[in-house]
Each structure stands twice: as structure tokens, then as C-alpha cells.
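Single-letter residue listing:
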Amino acid sequence: LDIEQTLFGLEEPSRPDPGEGSVSTLAPGNVSVQPEEPEEGKTPAASGPNVMDIDFDALIANETDSTLKDMHEYFRDRTPTEKNQYTGMFQGKNLLLFTGEAFWIGAVNEQYTPTLYKLAHSGFVFENFYNPLWYYSTVDGEYAATTGLIPTNQVNASQRYAGKNGVSMYFSMGNQLRALGYPTLAYHNNTANYYDRNLSHPNLGYDFYACDTGLDVAMTWPQSDLEMMQRTIPKALAGEKPFHNYYMTVSGHMNYNFTGNAMSIKHQAEVAELDMSEEAAAYLACNMELDQALAYTLEELKKAGELENTVICLSGDHYPYGMDPATWDEFYGGPMDTDFEVYHSTLILWSGDMTEPVVIEKPCESLDILPTLLNLFGLEYDSRLLAGRGILADEPGLVIFSNRSFLTDLGRYNARTDTFAPSEGAAVPDGYAVEVYQQVRDLFAYSVAVLDEDYYSRLDLYPGRARVSRSDMGGM
């Protein structure tokens, strides 16, 4: 994928002229996330839009650069998401945020990966979560989930914001929680300079450690996620709280076989009885290492009395595209639709104090993870400035893919065939597909512009913030 994009690239959409195609709210869809009244004893829903006090009119009046003026107008006119009953639900908690290498529906198995299965089915349960594959594979999957922005196809996005003088990523959870006094550390159980993470992750607000820079794990291929957690969780639990750790895992990396994949070989005997191809069994086997890493983490949190104070969020960087398509079919139980359903995946969002699952049916994707977390942690952010939308907000969902296909409650637009297929029984307004396509086009163009223009640094987003302790947050 890297070679293909380097040689041939993809054409970026032209940026719309000022005023062209302003974004409007999609037609209502199947969103069942808010009961009419809060349960007895629960805090009433927060109200108001997720916006910051940004004087876009003054910025527009004083701007001479046509591109920046256009951006100010676009973001001013976007419809923000609203606060809801889940706003601040996780305020003051620890956050363990994971990007799982090639984590996909096939990795979640009640018998072989019981911890992943438990977490996926006992917190927030996302029935229609999609994990698009972007241009630069893993690093773009990380970028989408940690920034809420669509990656650029011109260069891997992390290289654009790498280094101390790199592009501001103000809304990342690392930057937001560090501003509140959280210790914020990031770990990757491979080398530090792969995809320049040693430069980009500090810009996301993290002290970064990898196998060659302070993270002591055995250099197999791939390396062990369990070892990574064994080296890092005790340090977090012994330190200041609340804390935030970010992890980019590697145990689920291709190739999936029992000859060259150390994690698959480690768990080969445990999957020997499976009536599946070697590739399918090896994929499940290597993800057993991730499962054991999470099982260890939960046990250590419980022993330290921090389980109920901790949020775990895990999504994949991409589906396992290195597999034979016939292997996808094995997990899917039939022929896999490669335009949409191959991206259908699992998002884990779980807290130790959740007693009942909350089922979310509306379409959502990896771009939506950051704004969802910002809302749950009660952090001030401006939803107009992110391409992703908070999943728990009472607005319809929108899933967009790298070729500009899209999916909503009302239907699917396939850019490969240039066709829109309404959902069964959906009442689709006239011009709906064209309107949503324009929104998608805008989201691509302005996400790239945020990166190219270092847009967040041009806004007054950095007021001083005092250290906030758990006692300041209601004893959570």
C-alpha cells in the first residue's frame, strides 16, 4: 500500500469555494442511545452544543489568506453535536487507549479470546462499527482514531505533525488529559522510529516508549502484547492517578501461519482443534496474546482497586488485509462483501463500573472514537473542528471510506459503482445522496487543510488549565 501510494498517489478533492455546500444534519436514522428520562439516581443529561468560545466572525474579518478565511467560514457554519446524558460519565477516570494491530471481528471469540469477548459485549456495544482502511495502513488507522481527522493520501499523516515544531493536535486524548495533570505515556512493542512515532506521538501529548527506547520486551516477530502490559501496567498503578496510557499493539500482525509468526506459534496448541484453515487459526491464535494482555491488565487493576476507575477503549488500525479473501469468508460465515462489510469491526469501550451493556445501533467508525471519548470524559472541545462525530450524541451516524463511499442509516453509496442503495424500508429524501456526498467531500478536504495549515495553532485553544485531581471531580 505504501509503495502504491508513493508511486501513483490519489487525487485530493479540490477545496470547496467559500459558501459552497454548507454541511447540514443528516436525516434522522436508527439512533437509540438516549432514554427520555435519566434513571433514578443518575445525573441528568448535560445540555448545549459541544463548542468552544471561538470568535470565527472576528477571525474571518481579520483574515487575508483566502484558504484560512474559507476554513473559518466552514467550521463556523458546521452543525455541532449536542451534549447528552453520557457527557462526563468517565470524568476523572484512568484511560487505557489501544490501537490493536489488525484487530477485527475474527479476533473476538467467546471460547478462544474470552476477555476480548467480555469487553466487547459488556460495556458500550456498537452493533454497526466500521474500521476503514486508509492510505498508509497502520499509521493512518492510528491517526484517524487519535485525531478524529481523515488522513491525507499525499504522505503518511504522522510525518506531517512529527517533531516539536509539528502540527498541533490539540484535541488528542494525550494533550487533553496531560493538560489536566494526568501522566500520559504511549507504548509500542516494536521499534520507536517505525512511521516516525518517536516524533509524532509526543505531538499527541505522550512520553513515548518502544522496544528500542525503554520498553523491555523480547524481540520476537511479532512481539508480545502481554509482555508490553506486564512491563507498563505496574508502573502506571504505582504512579500518580488518574493516568492515561496509549498502546499500539503488534501481536496481531501478519503473516498468519505457524512457521513465521511467533505469537501464532505460541498459541498453536490451543487452537489445534479448530476446523479452520491454517491462516484463520493462526490469526485467532496470535490475537490470543492480545486477549491475555487484557486479562492480565484487568486482574492487576482489580488487585490495585482501580478497576472501577478505569476505562478501556480498543479499536483496530485496519482489517487483516494480508489474509486470503477466502479466510475472511471463514470468519464471516459466507462470501464477504468487500465494498463495505470487510470493514465491519468491533470497538471496545468499557469501564469497570458499568453494570449493564449499552447497545448502540447507529453506524459509526474509527473517526468517531476521539469525539466520543472527549464527551465521555467531560472535556471541553469543539465538535465542528473534527471530522468524526460523537457516537453517543443524538445525531445520525455517518461512516465514510477512503474512496468516498459512505454508509448511513438510510443507505449506502458505493463510489466504485457510483450507486446509492437505500436501506430496506428507509424513506430517503430527494437529493439525499448528493447532499451527503458533498458533506463527505468537505470532510476530506477540510481534514487535510487542518493538517496542511496547522489550523488548530491558529485558534485560541490554549488557555491555562490547573491540575485537576480525582477529588476535584466528585471523588470518581
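All figures in this text were calculated on a predicted structure; none of them were measured in a lab. (Residues numbered from 1 in each chain as written. Predicted model: local features only at pLDDT ≥ 70, side-chain atom pairs only at ≥ 80, totals over all residues. Heavy atoms only, no water.)

As a further point, take the overall build of the chain. Counting its secondary structure elements, the chain contains 14 helices and 15 strands. When the 476 residues of the chain are sorted by exposure, 56% land in the buried category. Contacts spanning at least 24 positions in sequence make up 77% of the contacts within the chain whose residues lie at least 6 apart. Total accessible area computed for the chain in this model is approximately 18900 Å², and 48% of it derives from carbon and sulfur atoms. (Helix = DSSP H or I, 4+ residues; strand = E, 2+ residues; numbered from the N terminus. Buried < 20%, exposed > 50% of the residue type's maximum accessible area, 1.4 Å probe, protein only. Contact = heavy atoms within 4.5 Å. Areas by Shrake-Rupley, 256 points an atom, 1.4 Å probe, with all protein chains shown as cover.)

A word on the packing of aromatic side chains. In this description, an aromatic ring pair is defined by two values, namely the gap between the centres and the angle between the planes. Within this structure, the stated rule accounts for 30 aromatic pairs. Their ring planes at 5° and their centres at 3.7 Å tell us that Tyr 74 and Tyr 446 sit as a pair that is stacked. Of this pair, Tyr 74 sits in helix H3 (residues 66-77) while Tyr 446 is found in helix H14 (residues 432-452), placing the two residues 372 residues apart along the sequence. Its relative accessible area of 8% is what places Tyr 74 among the buried residues. Overall, Tyr 446 belongs to the buried group, its relative accessible area being 4%. Where Tyr 319 meets Trp 328, the ring centres are 5.3 Å apart and the plane angle is 80°; that geometry is what we call edge-to-face. Assigned by exposure class, Tyr 319 and Trp 328 land together as buried. Taken together, the ring pairs connect Tyr 130, Tyr 319, Tyr 321, Trp 328, Phe 340, Tyr 343 and Phe 401 into an aromatic cluster. (Phe/Tyr/Trp six-rings, centres within 6.5 Å; stacked < 30°, edge-to-face > 60°.)

Membership of the largest hydrophobic core comes to 81 residues, with the highest contact counts inside it found for Phe 124, Phe 171, Met 173, Phe 377, Ile 400, Tyr 455 and Tyr 456. Of all the elements, H14 adds the most residues to this core, at 10 residues. Discounting chain neighbours no more than four positions away, the residues touching Ile 400 are Pro 132, Trp 134, Ile 150, Glu 365, Leu 367, Ser 405, Phe 406, Val 440, Leu 443 and Phe 444. Met 228, Leu 301, Ile 348 and Leu 407 belong to the second-largest nonpolar core, a separate cluster that totals 57 residues. (Core = buried A, V, L, I, M, F, W, Y, C linked by side-chain atoms within 4.5 Å.)

Let us look at the pairing of strand E14 (residues 411-414). Pairing of strand E13 (residues 406-408) with E14 involves 3 bridges; the strand directions are antiparallel. Across the sheet, Phe 406 pairs through a bridge with Tyr 413, a residue of E14. Between the end of E13 and the start of E14, which pair antiparallel, lie 2 residues. Where E14 lies against strand E15 (residues 419-422), 4 bridges are found, and the strand directions are antiparallel. When the sheet's bridge partners are listed, Gly 411 is paired in E15 with Pro 422. (Pairing = 2+ DSSP bridges.)

This next bit is on unusual backbone geometry. Along the chain, Trp 221 connects to Pro 222 via a cis peptide bond; the corresponding omega equals -10°. Here Pro 222 lies in the loop between strand E5 (207-210) and helix H9 (225-238). Of note, the amide linkage connecting Met 254 to Asn 255 takes the cis form, showing an omega dihedral of 10°. Tracing the sequence through the fold places Asn 255 in the loop between strand E6 (244-248) and helix H10 (262-266).

Attention now moves to a negative patch on the surface. Together, Asp 53, Asp 55, Glu 380 and Asp 460 give the surface a local cluster of negative charge. Tracing the backbone shows Asp 55 in the loop between helix H1 (2-8) and helix H2 (56-61). Of the residues examined, Asp 55 reaches a relative accessible area of 48% and is grouped as partly exposed. (Patch = residues over 30% accessible without salt bridge, like charges linked within 9 Å, V, L, I, M, F, W, Y side chains within 5 Å. Salt bridge = Lys/Arg side-chain N within 4 Å of Asp/Glu carboxyl O. Lys, Arg positive; Asp, Glu negative; His and termini not counted. Charge placed at Lys NZ, Arg CZ, Asp CG, Glu CD.)

Side chains that carry opposite charge are capable of pairing whenever their charged atoms lie near each other. One pass over the structure, following the stated rule, counts 12 salt bridges. Residue Glu 227 pairs with Arg 231 through a salt bridge whose shortest N-O separation is 3.8 Å. Of this pair, Glu 227 and Arg 231 both sit in helix H9, 4 residues apart, which is roughly one turn of that helix. The exposure class of Arg 231 is partly exposed, given its relative accessible area of 34%. Taken together, the shared-partner salt bridges in this structure form one network comprising Asp 57, Arg 76 and Asp 77.

Within the element layout of this structure, Thr 81 appears in the loop between H3 and strand E1 (94-100). The class for Thr 81 is buried, based on a relative accessible area of 2%.

Right, let's get into the pairing of E5. Burial along E5 is one-sided: Phe 208 and Ala 210 are buried, and none of Asp 207 and Tyr 209, which face the opposite way, are. In this view, the connection linking strand E4 (residues 184-188) to its parallel neighbour E5 by way of helix H8 (residues 197-203) has right-handed handedness. (Right-handed = clockwise from strand over helix to strand, strands pointing away.)

Interpretation of the predicted coordinates at a detailed level should be avoided for regions scoring low in pLDDT. Per-residue pLDDT for the chain has a mean of 88; in total, 85% of the residues score no lower than 70. In this model, residues 9-38 is a region of pLDDT below 50 whose contacts with residues beyond four sequence positions or in other chains number 84 contacts. Throughout residues 464-476 the model reports pLDDT below 50, and contacts reaching past four residues in sequence, or to other chains, amount to 33 contacts. (pLDDT = per-residue confidence, 0-100.)

Right, let's get into the sheet that holds E14. Strand order in this open sheet of 4 strands is E12-E13-E14-E15, and the pairing throughout is antiparallel. Edge positions in the sheet fall to strand E12 (399-400) and E15, since each has one partner strand and no second. The pairing of E12 with E13 spans 2 bridges and is antiparallel. Counterpart to Val 399 in the pairing with E13 is Leu 407. Of the strands in this sheet, E12, E13, E14 and E15 touch H14, which is tilted by about 120° from E13. (Axes fitted to C-alpha atoms, helices over the stretch in contact; angles between N-to-C directions.)

Moving on to helix H12 (residues 325-332). Where H12 begins, the capping side chain belongs to Asp 324, and its oxygen is found 2.8 Å from the backbone nitrogen of Ala 326. Two residues or fewer past H12, Gly 333 is found with a positive phi of approximately 85°. (Polar contact = N/O pair within 3.5 Å; in protein donor to acceptor, adjacent residues only side chain to side chain.)

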